[in-house]
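Here is how the chains run, residue by residue.
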Amino acid sequence: MPELRFHNSLTRRRERFVPLDPSHVRMYVCGPTVYDRAHLGNARPVVVFDVLARLLRRLFPQVTYVRNITDVDDKINARAAESGEPIAAITARTTADYHADMAELGALLPDIEPRATAHIAEMIDLIERLIAGGHAYAAEGHVLFAVASYPLYGALSGRSPDELLAGARVDVAPYKRDAGDFVLWKPSTPDLPGWDSPWGRGRPGWHIECSAMSWRYLGETFDIHGGGQDLLFPHHENEMAQSCCAFPGSSFARTWLHNGMLLVNNEKMSKSLGNFCTVRDVLDKAPGEAIRLLLLRSHYRGTLDFSDAALEETRKDLDRWYRALERVPGGVGDLPAPVLDSLCDDLNTPQAIAEMHRLADAAFAGDAAAGAGLRAAGGIMGVLQQTPDAWFERLGDDARAIEALVAARLDARAAKDWPEADRLKQALLAMGVTLEDRKGGGSIWYRRKPAHS
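Summary of the structure given here. The structure presented is a predicted model; accordingly, all values stated were derived computationally and were not measured.

What counts and what doesn't
Residues numbered from 1 in each chain as written. Predicted model: local features only at pLDDT ≥ 70, side-chain atom pairs only at ≥ 80, totals over all residues. Heavy atoms only, no water. Helix = DSSP H or I, 4+ residues; strand = E, 2+ residues; numbered from the N terminus. Buried < 20%, exposed > 50% of the residue type's maximum accessible area, 1.4 Å probe, protein only. Lys, Arg positive; Asp, Glu negative; His and termini not counted. Salt bridge = Lys/Arg side-chain N within 4 Å of Asp/Glu carboxyl O. Contact = heavy atoms within 4.5 Å. Axes fitted to C-alpha atoms, helices over the stretch in contact; angles between N-to-C directions. Parallel < 35°, antiparallel > 145°, perpendicular 65-115°, else oblique. Left-handed = near helix turned anticlockwise from the far one by under 90°. Nonpolar A, V, L, I, M, F, W, Y, C, P; charged D, E, K, R; others polar. Pairing = 2+ DSSP bridges. Right-handed = clockwise from strand over helix to strand, strands pointing away.

## Describing the side chain of D317
Here is step 1: Assignment of secondary structure puts D317 in helix α10 (residues 308-327).
Here is step 2: Buried D317, no salt bridge; nearest opposite-charge side chain is R297, N-O distance 4.5 Å.

## A word on the pattern of salt bridges
Where charged atoms from two side chains of opposite charge come close, those side chains can pair.
Here is step 1: Inspection of the entire model under this criterion finds 29 salt bridges.
Here is step 2: Two residues, K186 and D74, come together in a salt bridge whose shortest N-O distance is 3.0 Å. Of this pair, K186 sits in strand β7 (residues 182-187) while D74 sits in helix α2 (residues 74-83), placing them 112 residues apart in sequence.
Here is step 3: A salt bridge links R315 to D319; the shortest N-O distance between them is 2.6 Å.

## Regarding the environment of N348
Here is step 1: Inspection of the secondary structure assignment puts N348 in the loop between α11 (337-344) and α12 (349-364).
Here is step 2: N348 sits 47 residues away from R301 along the chain, and the two C-alpha atoms are 9.6 Å apart.
Here is step 3: Here N348 is in contact with H299, S342 and L343, once residues within four sequence places are set aside.

## Comments concerning the packing of α2 against helix α3 (residues 87-104)
A pair of packed helices is characterised by two quantities: the angle between their axes and the separation of those axes.
Here is step 1: The N-to-C vectors of α2 and α3 enclose an angle of 115 degrees; their axes lie 9 Å apart at closest approach. The angle between the axes of α2 and α3 places the two elements in the roughly perpendicular class. For the pair α2 and α3, the sense of crossing is right-handed. Across the interface between the two elements, I76, N77, R79, A80 and S83 from α2 touch I87, I90 and T91 from α3.
Here is step 2: Here the contact of α2 with α3 is built from residues that sort into four nonpolar, three polar and one charged.

## Some thoughts on the pairing of strand β10 (residues 253-259)
Across a regular strand the side chains alternate sides, sitting on one face of the sheet and then on the other.
Here is step 1: Of all the seven residues making up β10, six are buried; the element is thus mostly covered by neighbouring parts of the structure.
Here is step 2: The pairing of strand β9 (residues 222-228) with β10 spans six bridges and is classified as parallel. Along β10, the bridge assignment pairs H225 with W256.
Here is step 3: With helix α7 (residues 232-246) bridging β9 and the parallel β10, this β-α-β connection has right-handed handedness.

So this is what it looks like as structure tokens:
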């Protein structure tokens, strides 16, 4: 088995991954807050950690992948008040939308997908442990974590005390002992969701939810915790602090992985800039596999710039790969070592994609083994999951006519009838078809997916 190495956000260095139990790897990833459609930024960690889960399952006998659903949150409450729609209806609908959108991107479901509202008892248990250990205190119906009680607070994010306070965007409240103390439990008015607790009717703070659900399904200490860079502070910092204090001697997550931010046309995505894109918006433009591959073209820790031009380029790459598979029909082979080695090197998906291009080149030359390897690489990357016929079927009823024109042009070129070959090329261009002539003969064609097809 190749050596698996990750950049651990906690130690800020690349390390060899050694699971607590070599027979069972356990991973937790922060999931969605279900109040609206998922946007492209939400999709990036889903795709990244889906590839990681596929890789881990290839290398280890058992993997438990947990990704939560946050279905109690002030954003949900605000959306219900604004729309008049019941909270239960909002969370049920947006959870279903989330599952549908992520399935379109080829993401497999996690092994366990706990909902926050089903784990209130575990949250109360954790809070009671923190109070008993002197790490939390009750005040005016709230329970707060005492940041000063945990000397290692800030170790994950690497921030100074002043930076921690500024970045936390803390609410100033007279019942807090320290401005940086964060809420574990807060009171609920009759119009808000609430549960009975030793501190009165209320609801959990955001951070305690993930600590409770990871503990419930993965134990006090587990192997990998993942999420977006935007969650590093305060969410993940607070998770680690409260979990380590609730279970003295534990280390919570041993390896922390964070994916970088997503830009749209080189700008931060925002509604005010008019570049806010939901996954559903982009699925109306391109197939899910193309969106997935674009999300993997940049290294997961780097910034990813999403644009229509990049999406079209990625779709063309998939067109080419599917054309390569047409040349060498067959089954799935062994995963090529260069692809596996790339993924084991801190999930280097750009390098894995470069190796897939080399496999496609060889498949075009008639190398059946390369085609089988390309299919295997597609399996671990979550692409090339259709037959070539199914992939190209999306182009519409005139695909066969295009194929006939491409074949006629190849015949004209072989006969050195250059005027006829040029006429046929111009006809294809007028149909929105781009041709790529290959060394050694043959052509690949691409066409933009029709809108609303």
